[in-house]
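Tertiary structure, described
Residues per chain are reported as follows:
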Number of protein chains: 2
Amino acid sequence: MSQESLHPQLSSIEIETELKKAGLRPTVQRCIISDYVLNHAEHPSVETIKTWVDKHYTGISLATVYNTVHALESAGLVHAIRFDHSDKVFYDTNTTLHHHFLDEKTGELIDIDPDKIEVNAKLPEGMSINEISVLIRGERA
Amino acid sequence: MSQESLHPQLSSIEIETELKKAGLRPTVQRCIISDYVLNHAEHPSVETIKTWVDKHYTGISLATVYNTVHALESAGLVHAIRFDHSDKVFYDTNTTLHHHFLDEKTGELIDIDPDKIEVNAKLPEGMSINEISVLIRGERA
DNA sequence: GCATTTTTTTAGAATCATTCTAAACTACCG
DNA sequence: CGGTAGTTTAGAATGATTCTAAAAAAATGC
């Protein structure tokens with residue numbers, strides 16, 4: 001599936017090396033949180049992460065969840081995204097350029113591969129483009 | 001300029017009728033705030049609005065600024081937008097479909113007319129499209 | 001290994017944007 | 001006018017996030 005290219009599933013062991021490679025110490029807490037965020041969650045918010053963590057482990061503080069997502073973000077493993085419809089920050093595992101589809105019925109957010117969307121922009125003189133991101137709102141059958 | 005089609009400049013008198021037409025009482029505070037938001041500001045945040053209001057008038061409360069932008073929003077005169085780079089809500093005067101250009105150097109946000117950007121999306125089966133919005137990040141010379 | 005240094009985790013306090021509340025005020029309608 | 005409904009207000013409450021300072025854990029050096 002094309003899902004695979006968007007969310008490469010790393011095993012728990014790989015998480016540890018992934019963190020190390022990114023210059024982050026693979027502490028217990030970080031491994032737990034990062035495994036969830038990078039391998040299992042879909043655009044989670046901090047709230048989502050904390051809820052999941054609390055259900056499966058004890059004694060991981062909210063501050064650590066924040067610390068960890070910030071560490072992942074600075075390391076480039078994750079991307080903070082925001083949308084008009086919510087005041088929450090979501091974290092996107094997919095740090096390569098891609099687009100989003102928002103199901104307006106369910107609120108579900110789905111990654112769209114960049115080669116599925118073609119954008120042609122005629123911008124005014126002097127505007128240079130670094131990045132284009134598209135949000136499509138709609139519904140899934 | 002194409003600016004005109006995006007930000008129709010209403011005179012203060014028209015503001016009053018505009019508010020009435022939208023079913024909002026044209027109170028003194030609302031006229032002041034709405035005139036700024038609809039006629040003079042560019043994608044203001046509540047903070048921006050409050051700062052401006054405080055500089056030009058006295059005794060308008062923060063709560064009223066919030067109340068007013070919410071009223072404008074429910075009336076469809078304004079649109080709340082959020083971007084990855086900021087945790088603030090911005091209000092967009094232009095409620096018709098359009099796109100945005102974000103100058104990554106200055107943080108300035110510029111409206112882009114929809115006919116300047118062509119989008120071709122090949123979505124998976126069963127996804128219907130209600131609206132497409134494009135954000136271009138780049139720099140202006 | 002053990003002592004030292006550095007980084008991480010933590011609980012709780014602080015902050016910031018936003019919403020709520022309840023009382024005072026204003027606008028509109030007869 | 002006088003009453004009713006809508007609006008404004010200050011300040012309290014909320015919710016997300018950041019900060020703080022101390023305890024814990026990990027890495028480093030010998």
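Residues numbered from 1 in each chain as written. Chains lettered and ligands numbered in written order. Predicted model: local features only at pLDDT ≥ 70, side-chain atom pairs only at ≥ 80, totals over all residues.

1. Examining the overall build of chain A
A count of helical and extended segments in chain A gives five helices and six strands. Starting at the N terminus and ending at the C terminus, chain A contains elements arranged as α-α-α-α-α-β-β-β-β-β-β. Along the longest, intermediate and shortest principal axes, the C-alpha atoms of chain A span 50 × 35 × 30 Å. In chain A, once contacts between residues fewer than 6 apart in sequence are set aside, the share between residues at least 24 apart is 45%. (Helix = DSSP H or I, 4+ residues; strand = E, 2+ residues; numbered from the N terminus. Contact = placed C-beta atoms within 7 Å.)

2. Some points on the domain arrangement of chain A
All names here are of chain A. For chain A, the assigned domains read domain 1 (3-81) and domain 2 (94-138). The straight-line distance from the C-alpha centre of domain 1 to that of domain 2 is 24 Å. At the interface, seven residues of domain 1 touch six residues of domain 2. Split into classes, the residues belonging to the side of domain 1 that touches domain 2 amount to three nonpolar, four polar and no charged. (Domains from an automatic or database assignment. Nonpolar A, V, L, I, M, F, W, Y, C, P; charged D, E, K, R; others polar.)

3. Things to note about the relation of the copies chain B and chain A
Least-squares fitting of chain B to chain A yields an RMSD of 0.1 Å, with the transformation described by 0.0 Å of translation along the axis and a rotation of 180°. The transformation relating the two chain copies, once decomposed into turn and shift, fits a two-fold axis. (Least-squares fit on C-alpha atoms with pLDDT ≥ 70 in both.)

4. Some thoughts on the interface of chain B and chain A
Listed as interface residues are 31 residues of chain B and, on the opposing side, 31 residues of chain A. For the side of chain B that touches chain A, the secondary structure elements donating two or more residues are β1 (79-81), β5 (117-121) and β6 (127-140) of chain B. Looking at side-chain class alone, the side of chain B that touches chain A contains 15 nonpolar, six polar and 10 charged residues. Sheet topology places strand β6 (residues 127-140) of chain A next to β6 of chain B; 13 bridges connect them, and they run antiparallel. Residue pairing in the sheet places Ser 133 of chain A in a bridge with Leu 135 of chain B of β6 of chain B. (Pairing = 2+ DSSP bridges.)

5. Quick word on helix α5 (residues 62-74) of chain B
Under the 1.5 Å per step criterion, the end-to-end length of α5 of chain B is 18 Å for 13 residues, consistent within 8% with the ideal 18 Å. On its buried side, α5 of chain B packs onto α3 (28-40), α4 (46-56) and β2 (90-92) of chain B. (Expected span 1.5 Å × (residues − 1).)

6. Topic: the sheet that holds β6 of chain A
Picture the strands of a sheet paired through backbone hydrogen bonds; they go either parallel or antiparallel. Across the sheet, six strands lie side by side as β4(A)-β3(A)-β6(A)-β6(B)-β3(B)-β4(B); this open sheet has mixed pairing. At either end of the open sheet lies a strand with only one pairing partner, and these are β4 (109-112) of chain A together with β4 (109-112) of chain B. Averaged over all pairs of adjacent strands, the angle between their axes in this sheet comes to 25°, without regard to strand direction. Taken together, the four bridges between strand β3 (residues 99-103) of chain B and β6 of chain B define a ladder with parallel strand orientation. Residue pairing across strands places Phe 101 of chain B opposite Ile 136 of chain B, the latter belonging to β6 of chain B. (Axes fitted to C-alpha atoms, helices over the stretch in contact; angles between N-to-C directions.)

7. Remarks on the protein's contact with DNA strand C
Contacts to DNA strand C come from 22 residues, most closely from Thr 27, Gln 29, Ser 61, Ala 63 and Thr 64 of chain A. Within the residue set of the surface near DNA strand C, elements represented by two or more residues are α3 (28-40) and α5 (62-74) of chain A together with α4 and α5 of chain B. No other element matches α5 of chain A, which puts four residues into the surface near DNA strand C. A per-class count over the surface near DNA strand C returns nine nonpolar, eight polar and five charged. (Near = placed C-beta within 6 Å.)

8. As for the protein's contact with DNA strand D
Lining the immediate environment of DNA strand D, one finds 22 residues, of which Thr 27, Gln 29, Ser 61, Ala 63 and Thr 64 of chain B sit closest. Among the secondary structure elements, those contributing two or more residues to the surface near DNA strand D are α4 (46-56) and α5 of chain A together with α3 and α5 of chain B. Among the elements that line the surface near DNA strand D, the one with the most residues is α5 of chain B, at four residues. Partitioned by chemical class, the residues of the surface near DNA strand D number nine nonpolar, eight polar and five charged.

9. Digging into the packing of α3 of chain A against α5 of chain A
Residues and elements named next belong to chain A. Taken N-terminus to C-terminus, the directions of α3 and α5 make an angle of 65°; their axes are 10 Å apart at the nearest point. Regarding the angle of α3 to α5, the classification is roughly perpendicular. Crossing handedness for the pair α3 and α5: right-handed. Contacts from Gln 29, Arg 30, Ile 33, Ser 34 and Val 37 in α3 reach Thr 64, Val 65, Thr 68, Val 69 and Leu 72 in α5. (Parallel < 35°, antiparallel > 145°, perpendicular 65-115°, else oblique. Left-handed = near helix turned anticlockwise from the far one by under 90°.)

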